[in-house]
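One-letter residues, chain by chain:
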Amino acid sequence: MLPGIIYLLILTVEKSNPMKKQLIPFIVLEVFTAAFMVSAFQTPTQQTQSTSGIPDSVYVILKKACMACHSDQGTGLAKGKLNLSPWDGYSADRKVSKARAICKEMKAGTMPPRRFVAKNPEAQLTDDQIRIVCDWTASLSIEKNN
Ligand code: HEC
């Protein structure tokens, strides 16, 4: 696709004004630079970071312990109660109330469900991991009230 665009650009410049021919290398360079910037910024975001607005330290925990059920790819009942995939689009109020529920369930040890942990031992959370999530959920309430 890119070579086609460049070819068209060259044709346009050539037809409109032969004097502008000197500009061609700059146009080509610019198109390549733009394409490179777009790809450089896009690829790492998709691979290593959540696009959800949840900090990475929290996201890795939720991803392994919760998102099998609580995400677009999750299960009906769980997804209906809490879907983490569209998190960034939630209103501040919704984030705060969902976040409170997340911390509460984790502290109580009811989420992730025991049966899930039995089958997925990596979803067994340590107190430290629960604290990381609850610190984040608390910070959302503070942010909202300020
Ligand atoms: C194996 C699937 C599964 C996993 C993994 C899982 N959940 Fe759930 N979760 C459910 C289901 C099913 C429900 C709805 C039924 C219920 O409330 O018990 C639910 C409900 C919830 C609710 C709503 C409770 C309510 O009463 O409204 C919250 C909050 C929640 N889960 C948080 C979490 C968090 C946080 C994790 C990860 C630490 C997690 N869940 C992991 C299946 C799961």
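One can find the structure itself at the top, above this paragraph.
About the criteria used
- Residues numbered from 1 in each chain as written.
- Predicted model: local features only at pLDDT ≥ 70, side-chain atom pairs only at ≥ 80, totals over all residues.
- Axes fitted to C-alpha atoms, helices over the stretch in contact; angles between N-to-C directions.
- Helix = DSSP H or I, 4+ residues; strand = E, 2+ residues; numbered from the N terminus.
- Parallel < 35°, antiparallel > 145°, perpendicular 65-115°, else oblique.
- Left-handed = near helix turned anticlockwise from the far one by under 90°.
- Contact = placed C-beta atoms within 7 Å.
- Nonpolar A, V, L, I, M, F, W, Y, C, P; charged D, E, K, R; others polar.
- Near = placed C-beta within 6 Å.

Visitor: Run through the packing of helix α5 (residues 92–108) against helix α7 (residues 127–145), naming residues and quoting values.
Guide: The contact between α5 and α7 brings their axes to 9 Å, and the two run at 155°. On the basis of their axis angle, the class for α5 and α7 is roughly antiparallel. Regarding α5 and α7, the two cross each other, and that crossing is left-handed. Of α7, the residues touching α5 (which contributes Ala-92, Lys-95, Val-96, Ala-99, Arg-100, Ile-102, Cys-103, Met-106 and Lys-107) are Ile-130, Val-133, Cys-134, Thr-137, Leu-140, Ser-141 and Lys-144. Within the contact of α5 with α7, the residues separate by chemical class into ten nonpolar, two polar and four charged.

Visitor: Now, about the site of the ligand: what can you tell me, with residues and values included?
Guide: Residues in close proximity to the ligand total 17 residues, the closest being Cys-66, Cys-69, Ala-78, Ala-101 and Met-111. When residues of the shell around the ligand are assigned to their parent elements, the largest contribution, four residues, is made by α5. The class makeup of the residues in the shell around the ligand is 14 nonpolar, one polar and two charged.

Note that every value here comes from positions in space, so none of it alone points to a role or purpose.
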